[in-house]
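Below, each chain spelled out in residue letters.
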Amino acid sequence: MNDEVLEWDQIIGKSFEIPLKNTGKGRRKQPKSHTCAECGKQFRKKSELTKHLWVHTGEKPYKCAQCDYASTRATDVARHESTHSDARPFICLICNRAFKLSTYLDVHQSSHSDVRPFECLTCHATFKRKHALTDHQRTHSGTEFTCDICKKPYRRKKSMMDHQNIHTGTMPYECNMCNKTFYRKSSLHSHRMRCTKRRRVADI
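A. Here's a closer look at empty space enclosed by the protein. Scanning all chains against the criterion turns up one cavity of 30 Å³ or more. Around the largest cavity, the lining residues are Ser 82, Thr 83, Lys 100, Tyr 104, Met 171, Glu 174 and Thr 181. Among the residues forming the lining of the largest cavity, the class breakdown is two nonpolar, three polar and two charged.

Dropping the structure here:
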């Protein structure tokens, strides 16, 4: 196709190809050339292998500035350090509930909506979040997620991550009534029911 400018009456009824920009397809993934000498697990980057080795050595390079808590992940320390402060700068615009971390607010805000845009093509179950759909789809494929620390397998990535909180000491699930924190979301739900019941009895 030449560079001439075509009028609309010249275009209607005709078919032609429009050159597409490079969408990134065809890019080769970096090979997993870095292998752990302890367990044989492979990684694409040396930095990923270095972080993985901390699982075997027990090294926890990220440390809390206010206590002895330490972790292999900087994000765990950031969550933990929020427990040292009563500040709740992240506020829900719908109900004005306040949170210590933006991630807590993001999870909370989805509770205000009934929209579930992500659908499983196998069983047609719907989800509010894409990662929830991804975890669900693995229940159809039989894929397992294994804890890097103790090798315990899980069918859902979220369950495995909640389990790893026990190893790292991270408690990301917080009760909005008494501020008690938990490793697992299921533990928070059970606690909330008891907490609500005690508050109702106290109000009688």
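Additional details are given in the paragraphs that follow.
B. A look at the layout of surface pockets. Computed from the structure, the largest pocket encloses a volume of approximately 1,400 Å³. Lining the largest pocket are 40 residues, and of these Val 107, His 131, Lys 158, Tyr 173 and Lys 185 sit closest to its centre. For the lining of the largest pocket, the secondary-structure elements that each account for two or more residues are helix H3 (74-81), strand S6 (98-99), helix H4 (102-109), helix H5 (130-141), helix H6 (157-168), strand S11 (173-174) and helix H7 (185-203). Among the elements that line the lining of the largest pocket, the one with the most residues is H6, at seven residues. Here the residues of the lining of the largest pocket sort into 11 nonpolar, 11 polar and 18 charged. Roughly 730 Å³ of volume is contained in the second largest pocket. Forming the walls of the second largest pocket are 26 residues, and the residues nearest its centre are Val 55, Thr 72, Arg 73, Asp 148 and Gln 164. Of all elements in the fold, only helix H2 (46-57), strand S4 (70-71), strand S9 (145-146) and H6 reach the threshold of two or more residues within the lining of the second largest pocket. Per-element accounting of the lining of the second largest pocket gives the leading share, six residues, to H6.

C. Representation of unusual backbone geometry in the model. The phi dihedral of Asn 96 is positive, around 65°, even though this residue is not glycine. Among the structural elements, Asn 96 can be located in the loop between strand S5 (90-91) and S6. Unusually for a residue other than glycine, His 124 sits at a positive phi of about 70°.

D. Broad picture of the pattern of salt bridges. In this structure the tally under the stated criterion is three salt bridges. Put simply, Asp 76 and Arg 73 hold a salt bridge, and the shortest N to O gap is 2.8 Å. Given a relative accessible area of 0%, Asp 76 falls into the buried group. Arg 88 serves as the salt-bridge partner of Glu 174, at 2.5 Å between the closest nitrogen and oxygen. Of this pair, Glu 174 sits in strand S11 while Arg 88 sits in the loop between H3 and S5; the two residues are 86 residues apart in sequence, bridging distant segments of the chain. Taking relative accessible area as the criterion, Arg 88 reaches 26% and is therefore assigned partly exposed.

E. The arrangement of the packing of aromatic side chains in detail. Applying the stated criterion across every chain, the model contains one aromatic pair. Pairing Trp 54 with Tyr 62 gives two aromatic rings, centres 6.0 Å apart and planes at 80°, and the pair type is edge-to-face. Among the residues examined, Tyr 62 registers a relative accessible area of 30% and is labelled partly exposed.

F. Up close: the side chain of Asn 165. By the element assignment, Asn 165 lies in helix H6. In terms of polar contacts, Asn 165 uses its side chain to reach the backbone carbonyl oxygen of Tyr 183, at 3.0 Å. Ignoring any residue separated from it by four or fewer positions in sequence, one finds Asn 165 in contact with Thr 170, Pro 172, Tyr 173 and Tyr 183.

G. H5, seen in detail. Between its terminal C-alpha atoms H5 stretches 17 Å, which fits the 16 Å expected from 12 residues at 1.5 Å a residue. Following H5 by one or two positions, Gly 142 has its phi on the positive side, about 85°.

H. Looking closely at the environment of Leu 93. When you line up the elements, Leu 93 lands in the loop between S5 and S6. A relative accessible area of 78% places Leu 93 in the exposed class. Taking the C-alpha atoms as reference points, Leu 93 and Gln 109, 16 residues apart in sequence, are found 8.8 Å from one another.

What counts, and where the lines are drawn
Residues numbered from 1 in each chain as written. Predicted model: local features only at pLDDT ≥ 70, side-chain atom pairs only at ≥ 80, totals over all residues. Heavy atoms only, no water. 1 Å grid on protein atoms, 1.4 Å probe; cavity = no way out; pocket = protein on both sides within 12 Å on 5 of 7 lines; lining within 4 Å. Points joined across faces, edges and corners; volume = space filled by probe spheres on them. Nonpolar A, V, L, I, M, F, W, Y, C, P; charged D, E, K, R; others polar. Helix = DSSP H or I, 4+ residues; strand = E, 2+ residues; numbered from the N terminus. Salt bridge = Lys/Arg side-chain N within 4 Å of Asp/Glu carboxyl O. Buried < 20%, exposed > 50% of the residue type's maximum accessible area, 1.4 Å probe, protein only. Phe/Tyr/Trp six-rings, centres within 6.5 Å; stacked < 30°, edge-to-face > 60°. Polar contact = N/O pair within 3.5 Å; in protein donor to acceptor, adjacent residues only side chain to side chain. Contact = heavy atoms within 4.5 Å. Expected span 1.5 Å × (residues − 1).

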